[in-house]
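# Architecture at a glance
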Amino acid sequence: MVNLTYNEKRVLQLLIEKGNTTNTEICSKLKISKQAVGKIRKKLEENKLIIGYSINLDLKTLGVELLCIIKIIFKVSNPQIQNDFKKWVNTQTDIINARTVFLSQPGMILACGFSDIDNLESFVKELSENAYLSIEEVLVSKIDGILKDSYNDLVKNILKIK
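A brief look at the structure comes next. (Residues numbered from 1 in each chain as written. Predicted model: local features only at pLDDT ≥ 70, side-chain atom pairs only at ≥ 80, totals over all residues. Heavy atoms only, no water.)

## Section: the overall build of the protein chain
Counting its secondary structure elements, the protein chain contains six helices and four strands. Scanning the protein chain from its N terminus toward the C terminus, one meets helices and strands in the order α-α-α-β-α-β-β-α-β-α. Taken along its principal axes, the extent of the C-alpha atoms in the protein chain is 60 × 35 × 25 Å. By the burial criterion, 30% of the 162 residues in the protein chain qualify as buried. Summed over all atoms, the accessible surface of the protein chain reaches about 11,100 Å², with 53% contributed by carbon and sulfur. (Helix = DSSP H or I, 4+ residues; strand = E, 2+ residues; numbered from the N terminus. Buried < 20%, exposed > 50% of the residue type's maximum accessible area, 1.4 Å probe, protein only. Areas by Shrake-Rupley, 256 points an atom, 1.4 Å probe, with all protein chains shown as cover.)

## Remarks on the nonpolar core
Ile70, Phe85, Met108, Leu110, Cys112, Phe123 and Leu127 are the most contacted members of the largest nonpolar core, which has 16 residues in total. Taken together, the elements giving at least two residues each to this core come down to β1 (66–74), α4 (79–89), β3 (106–114) and α5 (117–128). Tallying contributions element by element places β1 first for this core, with five residues. Aside from chain neighbours lying at most four places away, what touches Cys112 is Leu66, Leu67, Cys68, Ile70, Asp94, Ile95, Ile96 and Phe123. (Core = buried A, V, L, I, M, F, W, Y, C linked by side-chain atoms within 4.5 Å. Contact = heavy atoms within 4.5 Å.)

## With respect to the packing of helix α1 (residues 6–17) against helix α2 (residues 23–30)
Interaxial distance between α1 and α2 falls to 11 Å at its minimum, and their mutual angle equals 125°. Between α1 and α2, the angle falls in the class oblique. Considering how the two elements wind past one another, α1 and α2 form a crossing that is right-handed. Here Arg10, Val11, Leu14 and Leu15 of α1 come into contact with α2, specifically with Ile26, Lys29 and Leu30. A breakdown of the residues in the contact of α1 with α2 according to their chemical character gives five nonpolar, no polar and two charged. (Axes fitted to C-alpha atoms, helices over the stretch in contact; angles between N-to-C directions. Parallel < 35°, antiparallel > 145°, perpendicular 65-115°, else oblique. Left-handed = near helix turned anticlockwise from the far one by under 90°. Nonpolar A, V, L, I, M, F, W, Y, C, P; charged D, E, K, R; others polar.)

## Side note on the packing of aromatic side chains
Taken as a whole, this structure holds four aromatic pairs when the rule is applied. Ring geometry for Trp88 against Phe123: centres 6.0 Å apart, planes inclined by 25°, an arrangement best described as stacked. Remark: Phe123 occurs in helix α5 and Trp88 occurs in helix α4; sequence separation between them is 35 residues. Here the aromatic residues Phe74, Phe85, Trp88, Phe114 and Phe123 are joined through ring pairs into a cluster of three or more. (Phe/Tyr/Trp six-rings, centres within 6.5 Å; stacked < 30°, edge-to-face > 60°.)

## A word on the sheet that holds β1
Strand order in the open sheet made by the four strands is β2-β3-β1-β4, with antiparallel pairing throughout. This sheet does not close on itself; its edge strands, each paired only once, are β2 (95–102) and β4 (133–142). For this sheet, the mean angle separating the axes of adjacent strands, direction not counted, is 15°. (Pairing = 2+ DSSP bridges.)

## Considerations on the environment of Glu25
Residue position: Glu25 is located in helix α2. What makes Glu25 partly exposed here is its relative accessible area of 33%. Setting aside chain neighbours within four positions, we find Glu25 in contact with Lys18 and Asn20.

## Focus: α2
All of the buried residues along α2 are Ile26, Cys27 and Leu30. Down the axis of α2, the sector holding all buried residues measures 95°, keeping them to one side. Those residues of α2 that are buried lie in contact with α1 and α3 (34–46). One or two residues past the end of α2 sits Lys31, with phi positive at roughly 60°. (Arc of directions from axis to C-beta.)

Honestly, it's all geometry; don't read function into it.
Below is the structure:
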């Protein structure tokens, strides 16, 4: 765990809330010098606490109507098969996020987005044709069913930021 100063936490909080906040805006809000803000931001980046800046997109506007969580289990414990599948995952444009999980057997959780049910069914069918996988569960939600989609509160809690 990282130990942060009071001002480092304050700068990080502003960046969590709005990643494109400028140093000028931060120094104005926090009443600290622009040079101090620059040093803090540089330190957070060098220490890999901040690893990049991103934008939040409205997936519905882009045509994504369904979100889906798919839990799969590998039928065989073969590292090569698992590595090949991980490579395949990285080529799939419908997969938003993929995590390795360890249940009774190694597996993965895939978070995916689809424009319609036909695309979802086609993707699940392709997965089911892989002899080395077992689809354990498919959970589907409409895109406007998202209640929370951020780890910002978790970060604030870890760092004890209000």
